[in-house]
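Fold and contact review
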Amino acid sequence: DVSLIYINSIIKPEIIDKIDKLINKINIDGMIASGTLKNLIEKENKNPFPSTISTEKPYVVTRYLLQGYAVILVDNDPFAIVLPTTLNDNFISEEDDYNKSVNVSTIRIIRYLTFFITLTTPGVYLALTTYNQEIIPIELLISIAAQRENVPFPAFVEAFFMIVSFEILRESDLKIPSFASSAISIVGALILGEAAVNAGIVSPIMIIVIAITAISSLIFVEPEFINGLRIYRIAFMFGASILGTYGILLIFIFMLINLATSDYLGIPYLTPFAPPNKERLKDSIVKAPTIKLTKRNPFLSN
C-alpha cells in the first residue's frame, strides 16, 4: 500500500496531479521499500542530486507538509519520501528550528562552504600542481615537489586512489555495527594513510587534501546527495587533470547549467536563487528571524 499525503489547503493542486500521474504510471508486482518507489518516480530528474528527501522523523514530515510539500509513505517501510525538494533543502537541518537565526545563518554558511570544499578541493590541488604551479608560493611549491619526488604515479592517479580508498572505508562504516564502525574506520584511515605514505604510493600533502575533502563531505547525510557529490567531484578532478584551472571553471559552468535547467514537478532546482525569490531567500544561506518568515514557497503554495 502506498499513501500520498498532503495538506489540501496549502499545496498547489497541479503538483498533486503530477505526483499522482507518476505513481499511477508504475507497473510493478509489489512495492517492498520506499526506495524502489523513489527511483521510479524520480526518473525524470536529470541531475545527479536528488529531488526527494527520505526521513524517519515524524516532526520533519510535519514541517515539510506545513510548507507545502507532499509526502509518500509505503506500508511497512520506516522512511517517508518528501517531494519535490530543491538543492537548498539539502542544506537545511531539522536542528535549525531550535537555534537562533544568527547561529543558524553561521552554520548554513559553513555548510555551503563545505559543499564547495568537498566538490573542488582534489580538483584544485591537481590543477595547481599539474598545470598552474605559478599560483603556488615558491616555498610551498618546493615542499610539494619534495614530497612527491618518490611517488611513481601521476597526481590524478594518486588522488583517485585515495578517494576510492576513503569511499570504501565509508561504505564499510555503514555496514558494520555502529558500536564498532567509528573505531574501525578511524584506525583503517590512519593505518592506510601512513602505510601508503611510507610505501611511496602517495605523498603526505595528498593525504591532507583527501582528509579535508572527506571531513567536509561528512556534514551531509542524504545518501543520494552524497552520491551526487561523488560524481561531480570526479568530474572536477578530470577537468583539472586535462585543462587545469580552466577545466575546473568549465566543469563548474556545466554544473551550474545542469542545475539551473533542472526542474522536478515544475519546481526549479535552484530556487530560491534561480529564479530569485525575495521571500524564500530569507530562509536560504542566511536565515531571517522566524517571525519574519511569513510566506511559503510560491512554487509550492498559493
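Residues numbered from 1 in each chain as written. Predicted model: local features only at pLDDT ≥ 70, side-chain atom pairs only at ≥ 80, totals over all residues. Heavy atoms only, no water.

Tallied over the full model, the rule gives eleven salt bridges. The partner of Glu94 in a salt bridge is Lys57, with the nearest N and O atoms 2.6 Å apart. Linking Glu94 in the loop between strand S4 (80-83) and helix H4 (101-130) with Lys57 in the loop between strand S2 (53-55) and helix H3 (58-67), this pair joins segments that are 37 residues apart in sequence. Salt-bridge contacts for Arg230 lead to Glu167; the nearest nitrogen and oxygen are separated by 2.8 Å. Here the residue Arg230 occupies a position in helix H9 (residues 223-243), and Glu167 occupies one in helix H6 (residues 155-175), the gap between them amounting to 63 residues. (Salt bridge = Lys/Arg side-chain N within 4 Å of Asp/Glu carboxyl O. Helix = DSSP H or I, 4+ residues; strand = E, 2+ residues; numbered from the N terminus.)

By the secondary structure assignment, Ser3 is in strand S1 (residues 2-5). With residues up to four places along the chain from it excluded, the contact list for Ser3 reads Val71, Ile72 and Leu73. (Contact = heavy atoms within 4.5 Å.)

Let's shift gears to the packing of aromatic side chains. With the rule as written, the count across this model stands at 16 aromatic pairs. Ring geometry for Phe91 and Phe225: centres 5.9 Å apart, planes at 85°, overall edge-to-face. With Phe91 in the loop between S4 and H4 and Phe225 in helix H9, this residue pair connects regions lying 134 residues apart in the sequence. Accessibility expressed as a relative area gives 1% for Phe91, which makes it buried. By relative accessible area, which is 1% here, Phe225 ends up buried. One aromatic cluster is present, built from ring pairs that chain together Phe49, Phe91, Tyr112, Phe115, Phe116, Phe220, Phe225, Tyr232, Phe252 and Phe273. Here the guanidinium or amino end of Arg63 rests over the ring plane of Tyr64, the centre of that ring lying 5.3 Å away. (Phe/Tyr/Trp six-rings, centres within 6.5 Å; stacked < 30°, edge-to-face > 60°. Buried < 20%, exposed > 50% of the residue type's maximum accessible area, 1.4 Å probe, protein only. Lys NZ or Arg CZ within 6 Å of the ring centre and 35° of its normal.)

Let us look at unusual backbone geometry. Pro272 follows Thr271 through a cis peptide bond whose omega is 10°. Along the chain, Pro272 falls in the loop between strand S6 (267-268) and helix H11 (278-281). The residue after Ala274, namely Pro275, is reached through a cis peptide bond having omega 0°. Position of Pro275 among the secondary structure elements: in the loop between S6 and H11. Phi at Asn76 is positive, roughly 70°, even though this residue is not glycine. Of note in this structure, Leu265 is not a glycine but carries a positive phi near 60°. Relative to the assigned elements, Leu265 resides in the loop between strand S5 (263-264) and S6. Classification of Leu265 by relative accessible area gives buried; the value is 9%.

The four strands lie next to each other as S1-S3-S4-S2, forming an open sheet whose pairing is antiparallel. At either end of the open sheet lies a strand with only one pairing partner, and these are S1 and S2. Averaged over all pairs of adjacent strands, the angle between strand axes in this sheet comes to 25°, irrespective of strand direction. Contacting S1, S2, strand S3 (70-74) and S4, H3 crosses the sheet at an angle of about 140° to S2. (Pairing = 2+ DSSP bridges. Axes fitted to C-alpha atoms, helices over the stretch in contact; angles between N-to-C directions.)

Alternating positions in S4 separate into two faces, Ala80 and Val82 on one and Ile81 and Leu83 on the other, with burial throughout. The sheet contact formed by S3 and S4 spans four bridges and is antiparallel. Across the sheet, the residue bridging to Ile72 is Ile81, located in S4. Two successive antiparallel strands, S3 and S4, enclose a turn made up of five residues, where Asn76 displays a positive phi of approximately 70°.

Once that is clear, we can look at the environment of Ile26. Note that Ile26 resides in the loop between helix H1 (13-24) and helix H2 (34-41). It is 8.5 Å that separates the C-alpha atoms of Ile26 and Leu37, two residues lying eleven residues apart in sequence. Discounting chain neighbours no more than four positions away, the residues touching Ile26 are Met31, Leu37, Leu40 and Ile41.

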